[in-house]
Number of protein chains: 2
Amino acid sequence: MLTQKAKYGLKALLMLAQQGGNEFTLVAEIAERQRAPRKYLELILLELRKHGLLHSQRGKNGGFRLARPPAEITFGQIIRVLDGPLAPFPCASLTGYRKCEDCDEHVCAVRKQMRRVRDAVAGILDSTSLADAAAPALAAEVLEPALVSA
Amino acid sequence: MLTQKAKYGLKALLMLAQQGGNEFTLVAEIAERQRAPRKYLELILLELRKHGLLHSQRGKNGGFRLARPPAEITFGQIIRVLDGPLAPFPCASLTGYRKCEDCDEHVCAVRKQMRRVRDAVAGILDSTSLADAAAPALAAEVLEPALVSA
DNA sequence: GTATTACCGAGTCATTCGGTTAGGATTCTC
DNA sequence: GAGAATCCTAACCGAATGACTCGGTAATAC
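A. A look at the overall build of chain A. What chain A contains, in helices and strands, is 7 helices and 2 strands. Seen through its principal axes, chain A has C-alpha atoms that stretch 55 × 45 × 25 Å. Of all 150 residues assigned to chain A, the portion counted as buried reaches 43%. Within chain A, contacts between residues at least 6 apart in sequence are counted, and of these 59% link residues at least 24 apart.

What follows is the structure in structure tokens.
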């Protein structure tokens, strides 16, 4: 299970990706449109900025925008910043590896299965960009305009 | 991320599966061999029993054993009992569904991606039984005895 | 009937989650 | 350069959760 924090973060970045353009958007506006607590969202965006996923500008006309094109920001990156490793257990993680005290790495069958899970999850999240997630509505409209408008 | 509880539980059940036979095994013995805190493990096994994955017997020569053959107990079942739903968010869960307050189900792109993750995770964990996880060492030995003993 | 075990309820202690409060620093506009 | 708008930083807080422990009760075998 991921945290509320990750959810707010994902939704915020996705919104920035969807609206396109390179202007700065206010925290207040993002918070309102995503129904997230303003101050809390601020913290989250700051954290994402610190990790290079967002750019920000202070003062009047300030705000946040994506630091890179939406196609180059993945769900995996965002979630790792906000919630930590994807793997079910630390001993099955690549980015946040920590060995278990209570079993032998090379034998532990539980770990083996959890590694499979990690690979599957990372396979999806690291190959899904904001652009990918934002696209389907548009893509569908191009392919099947009737269906979408119906 | 799963909890320590789930890890202890998985390892305990896997041990019971691996040692085969239908005798009862003491909590104390499982705890020692898995390096789990005895009293805590007791709690965990009780919970698994309450959900029909284990049988127990009190008094002398008592203990725990699997309630069903290892091939009929999956990682998914165990984890759901001990840690709850597999999905990253409740709104993406089948077994523990709860709608989000803060977005529209049918549009939310984050939810769509999380549903993919859930499906992938459930696909693995619900189709991996204790027998599957216990088997590979044996299977490998049958297929490539030289490799394993080497 | 006594030793052995699983069972049960409650309690503890540290950490994390989900925020809020209070203010400081920067930038724009006039 | 004054003032407003905005991000930024740090500290704090209550409630929940995680990871256990303690002390006792009930069933079973011998």
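B. Spotlight on the nonpolar core. In this structure, Leu48(A) and Leu48(B) are the most contacted members of the largest nonpolar core, which totals 92 residues. What Leu48(A) contacts, discounting residues up to four positions off in sequence, is Gly9(A), Leu13(A), Leu53(A), Leu54(A), Ile78(A), Val81(A) and Leu82(A).

C. Quick peek at the protein's contact with DNA strand C. The immediate surroundings of DNA strand C are formed by 27 residues, with Arg58(A), Val27(B), Glu42(B), Ser56(B) and Phe64(B) found nearest. A distance of 3.4 Å is found between a base nitrogen of DNA strand C and a side-chain nitrogen or oxygen belonging to Lys39(A). Residue Asn61(A) places a side-chain N or O atom 3.1 Å away from a sugar or linking oxygen belonging to DNA strand C. Counting residues per element, the ones that place at least two in the surface near DNA strand C are α1 (4-19) and α3 (38-50) of chain A together with α3 (38-50), β1 (54-57) and β2 (63-66) of chain B. Sort the elements by how many residues they give to the surface near DNA strand C and α3(B) lands first, with 5 residues. Split into classes, the residues belonging to the surface near DNA strand C amount to 8 nonpolar, 9 polar and 10 charged.

D. Quick look at the pairing of strand β2 (residues 63-66) of chain A. All names here are of chain A. Bridge count for strand β1 (residues 54-57) against β2 is 4 bridges, and the pairing is antiparallel. The residue bridging His 55 from the neighbouring strand is Arg 65, located in β2. Joining the antiparallel neighbours β1 and β2 is a turn of 5 residues, in which Gly 59 adopts a positive phi near 75 degrees.

E. Representation of unusual backbone geometry within the structure. Residue Arg35(A) is not a glycine yet carries a positive backbone phi of 55 degrees. Along the polypeptide, Arg35(A) turns up in the loop between α2 (27-34) and α3.

F. Representation of the side chain of Lys7(A) within the structure. The topology assignment puts Lys7(A) in helix α1. You can call Lys7(A) buried: its relative accessible area is 8%. Not counting the four nearest positions on each side in its chain, Lys7(A) is found in contact with Phe89(B), Cys100(B) and Asp102(B).

G. Local environment of the protein's contact with DNA strand D. As a structural note, the neighbourhood of DNA strand D is formed by 26 residues, with Val27(A), Lys39(A), Glu42(A), Ser56(A) and Lys39(B) the closest of them. In DNA strand D, atoms within 4 Å of the protein come 73% from sugar and phosphate. Here a phosphate oxygen of DNA strand D and a side-chain polar atom of Ser56(A) are 2.4 Å apart. Between DNA strand D and Lys39(B) there is a distance of 2.9 Å, counted from a base oxygen to a side-chain nitrogen or oxygen. Listing elements by their share of the surface near DNA strand D, those giving two or more residues are α3, β1 and β2 of chain A together with α1 (4-19) and α3 of chain B. Partitioned by chemical class, the residues of the surface near DNA strand D number 7 nonpolar, 9 polar and 10 charged.

H. Looking closely at the environment of Ile78(B). Residues and elements named next belong to chain B. Looking at the element boundaries, Ile 78 is found in helix α4 (residues 75-83). Here the alpha-carbon distance between Ile 78 and Gly 9, two residues 69 residues apart in the chain, equals 7.4 Å. Every residue in contact with Ile 78, bar those within four places of it in the chain, is listed here: Leu 10, Leu 13, Leu 48, Leu 53, Ile 73 and Leu 130.

I. Seen up close, α1(B). Residue and element names in this part refer to chain B. With 16 residues, α1 should cover 22 Å at 1.5 Å per step; its first-to-last C-alpha distance of 23 Å lies within 8% of that length. The element α1 is extensively covered by neighbouring structure, given that 12 of its 16 residues are classed as buried. Restricting attention to buried positions, one finds in α1 the residues Ala 6, Lys 7, Tyr 8, Gly 9, Leu 10, Lys 11, Ala 12, Leu 13, Leu 14, Met 15, Leu 16 and Ala 17. Just downstream of α1 lies Gly 20, where phi reads positive at about 60 degrees.

Scoring rules and cut-offs
Residues numbered from 1 in each chain as written. Chains lettered and ligands numbered in written order. Predicted model: local features only at pLDDT ≥ 70, side-chain atom pairs only at ≥ 80, totals over all residues. Heavy atoms only, no water. Helix = DSSP H or I, 4+ residues; strand = E, 2+ residues; numbered from the N terminus. Buried < 20%, exposed > 50% of the residue type's maximum accessible area, 1.4 Å probe, protein only. Contact = heavy atoms within 4.5 Å. Core = buried A, V, L, I, M, F, W, Y, C linked by side-chain atoms within 4.5 Å. Near = heavy atom within 4 Å. Polar contact = N/O pair within 3.5 Å; in protein donor to acceptor, adjacent residues only side chain to side chain. Nonpolar A, V, L, I, M, F, W, Y, C, P; charged D, E, K, R; others polar. Pairing = 2+ DSSP bridges. Expected span 1.5 Å × (residues − 1).

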